[in-house]
Amino acid sequence: MANTVYQNFVLESRLSDLLNTKLNTRSLMTVDNSLTESAGMIKKINTYSYTGKVEKLAKGAKNTTRGAVSYTPKQYEVEVSQQVFDYYDEEFMQDPKVVEMGMNGAATLMVNDMNEKYFAELKKATLSHSVKGAFNYDAVVDAIQLMNLEDEAGLFLIIGNDLKAEVRKDEDFKAARQGEMLFNGQIGNICGVPVLVSKLVPANTAYLATKEAVTLYTKKDSEVEQERQGEIRQNTVIMRKVNLVALTDATKVVKITKQA
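Criteria and cut-off values
- Residues numbered from 1 in each chain as written.
- Predicted model: local features only at pLDDT ≥ 70, side-chain atom pairs only at ≥ 80, totals over all residues.
- Heavy atoms only, no water.
- Helix = DSSP H or I, 4+ residues; strand = E, 2+ residues; numbered from the N terminus.
- Buried < 20%, exposed > 50% of the residue type's maximum accessible area, 1.4 Å probe, protein only.
- Contact = heavy atoms within 4.5 Å.
- Areas by Shrake-Rupley, 256 points an atom, 1.4 Å probe, with all protein chains shown as cover.
- Salt bridge = Lys/Arg side-chain N within 4 Å of Asp/Glu carboxyl O.
- Polar contact = N/O pair within 3.5 Å; in protein donor to acceptor, adjacent residues only side chain to side chain.
- Phe/Tyr/Trp six-rings, centres within 6.5 Å; stacked < 30°, edge-to-face > 60°.

## So, the overall build of the protein chain
A tally of helices and strands in the protein chain yields five helices and 12 strands. A total of 260 residues make up the protein chain; the buried ones form 41% of that total. Taking all contacts inside the protein chain whose residues are at least 6 apart in sequence as the whole, residues at least 24 apart take part in 78%. Of the accessible surface of the protein chain, which amounts to about 15,400 Å², a share of 50% is contributed by carbon and sulfur atoms.

Written as C-alpha cells, this is what we have:
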C-alpha cells in the first residue's frame, strides 16, 4: 500500500495521535531477562495470592481464621510482536517526513502493544475493593490494608481520566506535597502513593500495585531492522520484540471499583 505524501509546498507535518497512553508501563513492571539465557519459548509461572482476615480479639481469645498462601500455575508462550512499513526513494525525495513519521508511528504502536498487555494482566487481580460514594483518600487507605504490607514503598495508583477530577478535588490530595515527578503521567500523591493516569484504565476503576505484581519476561529486546530492494528502490523497516507480560504476584495489586 502506497504512502500518502505531501506535495512540494509548505505544509505543517503532522503525525496522527496513535498514542493510546503516555504512561511508561515498562517502568511499572519487574523486568526479567532470564529467557535470553535459556532455549525455548515456553514459560511456566506460578501466580501467588494470599487470603486472610484481620480480627479484633478479646483477652485470651484466638483467631478463628488463618491466613493462607495459594498459587495458580499457568503456562505462557513467548510472543514475537512485529510490524513493518515500506517507503520508496521517490516518496522520500518528494517528502522526507515520510520516514520520520513512519518511524514515530511504528514506535508508538509498539509501545501501545506493551501497554495493552500490561493492563490486561492487571485486570486479572484477585484482590478487590469496592468504593461507595466519592473516590478519595479513604478508598486508597482501605485498598492498602488489603495488601497487608509492612513496607509501602514502591506502591503506585493508576486511575483513568474519569476519576482524575475526583482525586484532584480531594482535600487530602490537594494538601499532599507534590514533590518530584516519579513517573510519566503522575499528577501527584495521595496517602503517600504516586497517582498515575492512563486512558487504558476502565471507567470507575483504579489499580493499586507495585512493580512486583507484573513481570516482563524478555527473550529479545526491541530491535529495528531495515531491508532494501534496490531495483525497485523500496525500503522496508521492521520493528520487533520477543517477550511476554504476566501477572506473577496477585498479592501486589488491588483492583478498586467505584460503585455507580
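Moving on from the coordinates now.
## As for the pattern of salt bridges
Counted under the stated rule, the structure contains 10 salt bridges. The salt bridge involving K97 is made with E100; its shortest N-O contact spans 3.0 Å. With K97 and E100 both in helix α2 (residues 97-122) and three residues apart, the pair spans about one turn of that helix. Put simply, K241 and D113 hold a salt bridge, and the shortest N to O gap is 3.6 Å. Of this pair, K241 sits in strand β11 (residues 234-247) while D113 sits in helix α2; the two residues are 128 residues apart in sequence, bridging distant segments of the chain. By relative accessible area, which is 24% here, D113 ends up partly exposed. The network of salt bridges with shared partners includes E79, D113, K117 and K241.

## Comments concerning unusual backbone geometry
A positive phi is found at N204, a non-glycine position, where the angle reads about 60 degrees. Tracing the backbone shows N204 in the loop between β8 (193-197) and β9 (205-209). Even without glycine at this site, R233 takes up a positive phi of about 60 degrees. Structurally, the position occupied by R233 is in the loop between β10 (214-229) and β11. Residue classification places R233 among the partly exposed positions, given a relative accessible area of 36%.

## So, the environment of Y88
As for its placement among the helices and strands, Y88 is situated in strand β4 (residues 79-88). In this structure Y88 comes out as partly exposed when scored by relative accessible area, which is 30%. Beyond its immediate stretch of four places on either side in the chain, Y88 contacts I232, R233, Q234 and N235. Reaching out from Y88, the side chain makes a polar contact with the side chain of Q234 at a distance of 3.1 Å.

## Section: the packing of aromatic side chains
What the rule picks out here adds up to two aromatic pairs. Ring centres 5.4 Å apart and planes at 80 degrees place the aromatic pair Y118 and F119 in the edge-to-face group. Pair check on accessibility: Y118 and F119 agree, each one buried.

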